[in-house]
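Read off the chains here:
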Amino acid sequence: MPSTRVVVTGLGTTSPVGGDVASTWQAMLSGTSGVRRLTDEWVDQLPVKIGGRVAVEPSEVLERVKARRLDRSSQFAMVAAAQAWADAGLEGSGLEPERLAVAVASGIGGVTTLLANYDTLLEKGARRVSPLAVPMLMPNAPAANVSLAYGARAAVHAPTSACASGNEAIAMAIDLIRLGRADVVLAGGTEAAIHPLPMAAFANMMALSKTGSEEGGDPTTVSRPWDTGRDGFVLGEGGAVLVLESEEHARARGATIYAEVRGAGISNDAHDIAQPDPEGRGGTRAIKMALREGDVDPATVVHVNAHATSTPKGDIAEGLMLHAVLGEHVDRCVVTSTKSMTGHLLGGAGALEAVATVMALHDRVSPPTINLDDKDPAVDLDIPTSRRDLPNGDIVALNNSFGFGGANVAVAFGSV
Amino acid sequence: MASTEEIRADLAEIVNEVAGVDADDVQLDKSFVDDLDVDSLSMVEVVVAAEEKFGVTIPDDEVKNLKTVGDAVAYIERAQG
């Protein structure tokens, strides 16, 4: 069993429901949706016209000249990392650069930069393609930019496993600390894929809901995990970064500890490139692995921030996983999908939901799942539709993420 | 035909947009690298924007000779001439 204890000492996010952790968390607790009708001109040609844009544009926070050298996904990562860094009290803490690592993921990478430069190539010729295009669009750009900003000279990773990427980055950060490769890791995920091409592609594979895009439709009701009316996810954008740290290092510098990271589990379905295993066997193994790694008694698992994206099959499979792992204890477990409010941030999802999971433990309250008007009878879980207090004592919360390609990542956090 | 000062002022606007340098600091005697902190990738962006703005071509081989703002303005004047 791993001996080094890992803790969370800082949080940051820019999300569809808030420009920082405090506003995002308050919006989640009050059940506020960040999904809107998109105002971009190009939505006219698409069957899906809704999405979860960030509540605060990064241009309002970042210096203009720095921002123009960053893909939007890197902009989100930089905004979230700055908050997490400050929140953890790392500024001026004397942290050795060689002991600071970064694991910041994205699912798709700098897709808007890539496609904007392709438009330029076609319209104006090769000479006009930006010399910054490659360092902006590369999938490790968000991680690399965060490392540059804070002088992180230990490992800098950008794991990709589609919609599980953000959670995989957190799992990787635990390993970096437990293997002794770093004392502190800036870990998270980011995504900026609200662009006509990925939206058309997701819509054509029938992954995105086409509901609520009609004139007069209500975009805020479309992301409805576990509801019988669910018919696909809503695309969101944003990023989140957590400061993970060895407990020893955190205690030595007197840092405030939000929660402990107990363990992580990673597995793959090897079932289908896009569909989940309908029985959720791979996800079950990942969750079991996370609990085993953290030496967690299933009876103490009282909260799950589910992956639940509002797709017909995936939401059911996740319910089966929780029953398989928790058994009778599943009845005392409060399950939520904050995607009902934020939409699905793809590679940013696991990180944003990790922030929500940590805040739920810290404040001992679960956010609601909104739009759950008629629960699917195939799902036997306790899913509150308004905020619900969590019990006192030593409690554990799970954060699940699953991605195209079959990836399953579960992370178990514990109260402190 | 634009005057030297008009070209300098337009170029200063480009350098401000690309690199965030105060346009008033973009004077003929200033070195892009040493005085204005314009790195090599930003310099490529400045050159490409200048080509579009002034309707000239500045070959890659020529860019290394444009050390100061004055060098660039003189090149553009000649190329336009």
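Just so it is clear, the model here is predicted, and its values are computed rather than measured. (Residues numbered from 1 in each chain as written. Chains lettered and ligands numbered in written order. Predicted model: local features only at pLDDT ≥ 70, side-chain atom pairs only at ≥ 80, totals over all residues. Heavy atoms only, no water.)

**Q** Explain the interface of chain A and chain B to me, please; I cannot follow it from the model alone.
**A** How large an interface is tends to be reported as the accessible area lost when its parts come together. The interface is formed by eleven residues belonging to chain A together with 16 residues belonging to chain B. With both sides pooled, the region where chain A packs onto chain B buries about 1,200 Å², and carbon together with sulfur makes up 40% of that total. A salt bridge links lysine 124 of chain A to glutamate 52 of chain B; its shortest N-O distance comes to 3.5 Å. Applying the counting criterion to the chain A and chain B interface returns eleven residue pairs in polar contact (both at pLDDT 80 or more). Class assignment for the residues of the side of chain A that touches chain B results in four nonpolar, one polar and six charged. (Contact = heavy atoms within 4.5 Å. Buried area = accessible area lost by both parts, 1.4 Å probe. Salt bridge = Lys/Arg side-chain N within 4 Å of Asp/Glu carboxyl O. Polar contact = N/O pair within 3.5 Å; in protein donor to acceptor, adjacent residues only side chain to side chain. Nonpolar A, V, L, I, M, F, W, Y, C, P; charged D, E, K, R; others polar.)

**Q** Just to check I follow, could you spell out the nonpolar core for this structure?
**A** Most often, soluble globular proteins keep nonpolar side chains buried together rather than apart. Residue and element names in this part refer to chain A. By size, the foremost hydrophobic cluster in this structure holds 54 residues, and its most contacted members are Val8, Leu11, Val185, Leu242 and Leu244. Counting residues per element, this core draws most heavily on helix α13 (residues 349-363), which supplies ten residues. Non-local contacts of leucine 242, meaning those with residues more than four positions away in its chain, are made with Val8, Gly10, Leu11, Ile170, Val185, Leu186, Ala187, Ala351, Ala354, Val355 and Val358. By size, the runner-up hydrophobic cluster in this structure holds 27 residues, among which are Ile287, Ala290, Leu322 and Val379. (Core = buried A, V, L, I, M, F, W, Y, C linked by side-chain atoms within 4.5 Å. Buried < 20%, exposed > 50% of the residue type's maximum accessible area, 1.4 Å probe, protein only. Helix = DSSP H or I, 4+ residues; strand = E, 2+ residues; numbered from the N terminus.)

**Q** Teacher, can you tell me more about the sheet that holds strand β8 (residues 259-268) of chain A here?
**A** Note: strands within a sheet are paired through backbone hydrogen bonds, in either parallel or antiparallel orientation. All names here are of chain A. The strand order across the open sheet built from ten strands is β5-β4-β6-β7-β1-β8-β14-β13-β9-β10, with neighbouring strands paired in mixed fashion. Taken across any chain shown, the strands that pair with only one partner, and hence form the sheet edges, are β5 (156-157) and β10 (334-336). Bridge count between strand β4 (residues 100-106) and β5: two bridges; the pairing is parallel. Following the sheet pairing, valine 102 is matched in β5 by valine 156. With respect to the sheet, helix α10 (residues 281-293) is in contact with β8, β9 (301-305), β13 (396-403) and β14 (407-414), its orientation differing from that of β8 by roughly 145°. (Pairing = 2+ DSSP bridges. Axes fitted to C-alpha atoms, helices over the stretch in contact; angles between N-to-C directions.)

**Q** Explanation requested: unusual backbone geometry in the structure shown.
**A** The bulk of non-glycine residues show a negative phi, and the bulk of peptide bonds are trans. All names here are of chain A. In this structure, arginine 364 is a non-glycine residue whose phi angle is positive, near 55°. Positionally, arginine 364 belongs in the loop between α13 and β11 (365-366). Backbone geometry at asparagine 371 places phi at a positive 70°, although glycine is not the residue there. Structurally, the position occupied by asparagine 371 is in the loop between β11 and β12 (388-389). Classification of asparagine 371 by relative accessible area gives buried; the value is 14%.

**Q** Would you mind going over the UniProt feature "domain: Carrier" (unreviewed entry) in chain B with me for this structure?
**A** Those residues carrying the UniProt feature "domain: Carrier" (unreviewed entry) are residues 5-80 of chain B in this numbering. Summarising residues 5-80 of chain B: 61% helix, 0% strand, and an end-to-end C-alpha distance of 15 Å. (UniProt positions renumbered as here; feature names shortened; annotations may be inferred.)

**Q** Help me understand the pairing of strand β7 (residues 238-246) of chain A in this model?
**A** One face of the sheet, then the other: side chains in a regular strand alternate in exactly this way. All names here are of chain A. Burial within β7 is extensive, with nine of its nine residues counted as buried. Where burial is concerned, the two faces of β7 agree: the one with Gly238, Ala240, Leu242, Leu244 and Ser246 and the one with Gly239, Val241, Val243 and Glu245 are both buried. Summarising the sheet, strand β1 (residues 6-14) and β7 pair through eight bridges and their orientation is antiparallel. Within the sheet, the bridge partner assigned to valine 8 lies in β7 and is leucine 244. For strand β6 (residues 184-191) and β7, the ladder comprises eight bridges, and the chain directions are antiparallel. Residue pairing in the sheet places glutamate 191 in a bridge with glycine 238 of β7.

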